[in-house]
Every structure is written in C-alpha cells, then in structure tokens.
Amino acid sequence: MASLSLVDATKEFDGDGGGIVAVDHLDLDIQDGEFLVLVGPSGCGKSTTLRMVAGLESPTSGEIAIDEEVIHDQTPQERDIAMVFQSYALYPHMTVRRNMAFGLEESTDQSADEIDERVTEVAETLDIGELLDRKPGALSGGQQQRVALGRAIVRDPKVFLLDEPLSNLDAKLRAEMRTELQRLQEELGVTTVYVTHDQTEAMTMSDRIAILDGGKLQQVGTPMQCYHEPANLFVAGFIGEPSMNFFDVSLDGRTLVSEEFEYTLSEETVTEVEASTDLVLGIRPEDVEIAAESGEENQFRAVVDVVEPHGNENAVHLHFAEGDGRTFTVTIGGMRRLDGGQTVGVRFPENAIHLFDAETGETVRNRVFEEVEQVEQLGTSSAAR
Amino acid sequence: MAGSQDTATGSRTIGGGETDWRTRVETFSKSDFVRSFPYWFVPFSLVGMGVYGGIGWNTVISLTDYEGFDRPDYTNLDFSMYAQALSDPWVYLTAKNTLVLLIAFTTITLVLGLLLSILLDRGIRYKEKIQTIYLLPMALSFVVTAQFWLWMYNVNNGLVNAVVGVFGLGPFNWIGNPDLVLGAVIFALIWQYSGYAMVVFLAGLQAIPDDQFEAAHIDGAGVFKTYWRVIIPQLKSSSVSAAVVLMVFALKAFTFLYAMFGQYRVPKATDILATLMVREAFMLQHWAYAAAIGTILLVMALAVVAPYLWYQYGQGSL
C-alpha cells in the first residue's frame, strides 16, 4: 500500500539534432490504493512515464517518490514495484511455477517453502493452479496473461505497473480480463498505474484517468469528469467513442457563425465565452437531437450518409445540407430507423455543447454537468419505507 | 481421399479383380510418394551413396585384412583389425589426445564465444567491425593459420615468447615440449573458432527480446543472475548447434596438424586418431587397419553427437 508521486518528471532522449522530450515536466499524484490509467495516443510518453516509475528509465530531471521516499535513483529491486509487460515477457524456459517464483527468489530472503506456498496461493486466486508445471509456450494467450499478472501479484508490491497488458488479447477475452483486473485490484487494494492507448479501457477500469499528449499532461480526473468536463480540445476528442463532433465557429454578438450553420447562444452563455471570438463548438454524438424539421431555433437541416447499426444504438453519419457538406456523427436509439439520403432536422441542445478556444484548445465552456444520479440500493430503500 | 476411393471401387467390382488392380496402380501413381519422387530421390541417392555407402564400404574393408597394393579379399571377414586396435597402446594414446582436444577445445571455445557475444550484445560501439574482426580467423584456411601459429610459437623469435617474456617467463619451446604442444595447438584452434561461436551466440542473444532483460531487472535480478538464470538458458539451441559444429571440427583437426607439422608423423602429444588413421593408410598402406580406426572415430563422433540428438528429439525439434 503506497502513494506514488511524480514531481516535474522529465525525460529527454538523444535524437538526431538534439534531445527529444518524451515526458515534459509531469506532475502526478496517485493515492494509496488508487487505480490510475495513463492514456494517450502512441508516442505521448505514457510508457516512458511508466518505465521511469519502474526504474527501466531514469528521469532527466524531476522527482519520483513512493510514500514520500524518493526512488528514482534506486534500482528496481529497491523500489518494491512489480510490472506486467505488454508482451508478458514470461521466461520461456521456466515453468509457470518458476516464472512466478523468480522475482521472490531474486528480491527477497524467503525460504523455498514460503515462496512455493505463496506462488500456489496466488495461482489459485488467478485460477491457474493446474498450469503451474507447464511452460509458457504451452499456454494460450489468456493463460499467459494470467501468469504475467500472477508473477507481479506474487511479489505483493507497493505499486503495480501495467503496460498495455490487454492489447494482445482478442476482444472478448479483453473485456473479461478488464472486469477481472478491476476485481483483483479492488481485492488487493494495491496502488496501480495502468498504461493504455485504449480510451475504453481507461474509462471502464480507472478510478482516475491521466491523459497525456506530446509528453504533457492534459487532464487528470475521474472518467466522468474527463468525459463531460474535458480540460481542452484534445481530451474532448480523445475520450469517447465515437468521438465528439467539432465545428469551427466564430462568435458574432450572440451568434456562433460557421460555414454550415448559425447557432444562437443564450445571454448567460455569451457572458461565459465573450473573451474569445474564434471558437470550436463540440458536441457528443449522443447529445445531438434528431427530429423532423420544425424550423425552430438552432435546428439545422442535415442529410443522412450512412447508418451503422450496433443493436442497442445506431451511429448515424450525416452532413449538413448547406455549406461544403461537413460530416458529423450522431448516435440514436437502436429502435429508431433512418435511411441513407434522408433529410432530417438536427438540434444541438445548448446545455450539451462545449466551446473551446480555437487557438489554444483550452475549454471556454463545458456542457452543463449535473451530479451523477445514484441508483438506490434495493434493500435500504425498502427498509426506509 | 485414397481410402474412400478404394472402398468405393471395391464394392462396385466384387469379383472384378483386374479393374481393382488397375485402380490401385492409378491411385498409387497419383500418390504424393510417386509424384514427389523425382525431387527427393536425387539428393537422397547422392547422400546415400556418398555418405552411407562410404561408411558401409569403409566398414567392410575394416573387416578384411587388406594391406599393401593388392586387391582386398572379401572372402574372409572378421574383427581381427578391431582386436588389433584395441590391444594397440598407440590407439589408446591417440584416442585420449582426441578426447582432450575435443573437450578442451569445444568447452573453452563455447565459453569464450559466449562471453564475447555477451560483451558485444551489451552495446559496445563499432559492434559490426568488432564482429568482423573476430569472425575473420574463421575465414582463413587451416593451412594459413597453422603456418602462422607455427611462427608465433617459434622458440627464438616467436611473438608468443616475446609476449610472455615481458612478464619474465619463458622462453618456452611450445612446439618441441611434449607437455605444451597439445595446449598450444588447442589454443590456436580456439583462436580460429571462438569468433564463430561468438557469432552463433550473438544471433541467439539478439533473438531474445529486450523485455526479458527488463522483466528480470524488475524481478530484482542483477546483471550476472539475469544472464545466468534467464538469458543463457535461452541460448540452449544456439549452444547445441555451435557445439556440434565445433566437435566435428575438433575430430577432423587432422588438416590443421598436417599443415602445421608438414608431415603425417606429428609430435606424439598431439597425435590424434585422425592423424593415426591417415598415417596407417597412406604411409604404411595398412588399409584395413586404418579403416578400423576410422570406424572407431565414427563411433566416437556418434557418441559425442548422440546426446544432443537425443536432447533435440526430447524437445520435439527432430
């Protein structure tokens, strides 16, 4: 159990014609027992950050500490961390038992019996007890994944580091392992840093998400905060699938003017955004309302291009009837049917739109985000009555 | 496919034996065995005649009493030559030398090659060039390196004595001293082949992904333990292939010795089965006896290679 903090952590690599900054003055605090997901596109510095915590890279400057104790100049052995690699990195010549025992043998003074007992115990919780005497080559991808997890769990580390551990699994197994990892992390209560490029994993698994781009931290927050109150244009576009629709607009009085539409803002909103005139309007696909044309304010005409049915919902790609036909995406209920070529009316509800500064990308105004509604527990509510 | 065809024709032509026979021939002529015949038969027969035919004929000659310039007499085959060999102290001596050469040369070359490859793999600069420098001796002919080492070992003005002289040792008569000459020959062979072993190991090392090192590092293993427990065990197949090649070279070190000493009779301390065999055959025309020694050499070589073949078989790679 431990907290982990990175203060001003920077990593530069030598490249042709000067250093390449992989991680740029990163400040991050991870609380005891927290599940933090580092997410970002490839090359954003998330893996480098994890490797700095693991001790596989040393930071060019800045500080990394576990429980207030500076660790970035320690060897991995002294840091009390365990890591799961993307490729699992199991030792192919050792049995599962030996693979799991290796870390304990090398980093602790425990007796062979103690180690064996611990390995067996962890293997049971991971449901790989019967695989202990097999070699990694004889295991399926999912089983290897479990062994890699077991190898890390067995060491009972202060901090658990996972580097894209699910990316080599097929979609179904990945979804299962997501749930299982979350369950395990809750059971063990170990502080966990999880690196992924997959925003779905970030949204579904984390207590908090840290979004990186170009080595810089963009936002840290709960999944709901990152989704509904993105700090900037990058986060808004990165989190969410299908991603948010963006339109370049300029503010003229109370009106947002774009090539395709004119959007009238309420007085209150205008006062929030007055400072800048070049803006980007963002709206999530599920927030766009599709209805028959009624000619009411802030409703625009659009033509349906393609409909992708997902069963529970339909992703509809449309383009504006006016202007140069920019496309955007809307999700509607799976039972509502639209056909290609159909002209419909679309409306952007004002409480659902985000506005970003076109130049800096900073958020100027986020959607109205009410508190999350808690589903009442069945037992207590009936007891109250 | 063939089976189902057989049953179909069988049921149709009960009593019609001739049609059945024809279908069988037709099926046979379309089978993979016959159709692939022109491709595998040529190499198979060449290898068969060249290698196994040679071994067989050699074995037959070793059972005769063939000597001198007559024709061999195949009517009276017995093991008298093997009996003679087993009671010949010289055979024991050369067999012992062969084993010493085989084991010392192979082991030291492998260990040296492994160390060199690990050093190179740890990212020494100019890796490519260094690799070429070490591999270069391998490209030289035995005749060249033998002559070259003969000069190096010269008692009076050889480079080796000049070097040990710096430390106040010697001069040693590397070639003339029976206690030193085998060691000197082994050293020269190691010099020539360690580069080869290095290249084989280097290829093996580079096939091991970085995350193996990283995982061991995270698991708390130091550099030595990482290599000893994680990396070197994964070089098993590299070491097996390198070892087999080196052993075969050690057994046929005749070329090197012959080139070094310029005659069939080499110093007693370096006399190995291969030199003895050539001497018996081509100096003394004891054809049958030489053939028997050759067979003994073959059995030794098989005994050396057999455990590795067994290991490969056990791993399922054979």
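These notes cover the structure that comes with them. (Residues numbered from 1 in each chain as written. Chains lettered and ligands numbered in written order. Predicted model: local features only at pLDDT ≥ 70, side-chain atom pairs only at ≥ 80, totals over all residues. Heavy atoms only, no water.)

1. As for the pairing of strand E14 (residues 278–283) of chain A
In the case of a regular strand, side chains alternate between the two sheet surfaces.
Residue and element names in this part refer to chain A.
Right, on to step 1. With five of its six residues buried, E14 lies for the most part within the structure.
Right, on to step 2. Bridge count between strand E11 (residues 245–252) and E14: six bridges; the pairing is antiparallel. Bridge assignment links Asp-248 to a residue of E14, and that residue is Val-280.
Right, on to step 3. Where E14 lies against strand E20 (residues 354–357), four bridges are found, and the strand directions are antiparallel. The partner of Gly-282 across the bridge, within E20, is His-354. (Buried < 20%, exposed > 50% of the residue type's maximum accessible area, 1.4 Å probe, protein only. Helix = DSSP H or I, 4+ residues; strand = E, 2+ residues; numbered from the N terminus. Pairing = 2+ DSSP bridges.)

2. Some points on the sheet that holds strand E17 (residues 313–320) of chain A
Residues and elements named next belong to chain A.
Right, on to step 1. In space, the five strands of this open sheet follow the order E15-E19-E16-E17-E18, with antiparallel pairing throughout. Lying at the two open borders of the sheet, with one neighbouring strand each, are strand E15 (289–291) and strand E18 (327–333). Each neighbouring strand pair of the sheet contributes to a mean axis angle of 45°, computed without reference to strand direction.
Right, on to step 2. For strand E16 (residues 299–309) and E17, the ladder comprises seven bridges, and the chain directions are antiparallel. By the bridge assignment, Val-304 is partnered in E17 with Leu-318. (Axes fitted to C-alpha atoms, helices over the stretch in contact; angles between N-to-C directions.)

3. A closer look at the packing of aromatic side chains
Right, on to step 1. Under the defined criterion, the tally for this structure stands at 40 aromatic pairs over all chains.
Right, on to step 2. Where Tyr153(B) meets Trp174(B), the ring centres are 6.0 Å apart and the plane angle is 45°; that geometry is what we call tilted. Of this pair, Tyr153(B) sits in the loop between helix H8 (142–152) and helix H9 (159–166) while Trp174(B) sits in the loop between H9 and helix H10 (178–206), placing them 21 residues apart in sequence. Here the two residues Tyr153(B) and Trp174(B) agree in accessibility, since each one is buried.
Right, on to step 3. Ring pairs connect the aromatic residues Phe247(A), Phe261(A), Tyr263(A), Phe300(A), Phe320(A), Phe328(A) and Phe348(A), which therefore count as one cluster.
Right, on to step 4. Against the face of Tyr91(A) rests Arg151(A), its NZ or CZ located 4.9 Å from the ring centre.
Right, on to step 5. In this structure, Arg284(A) is placed above the aromatic ring of Tyr227(A), and the distance from its NZ or CZ to the ring centre is 3.9 Å. (Phe/Tyr/Trp six-rings, centres within 6.5 Å; stacked < 30°, edge-to-face > 60°. Lys NZ or Arg CZ within 6 Å of the ring centre and 35° of its normal.)

Taken by themselves, the reported measurements are silent on function.
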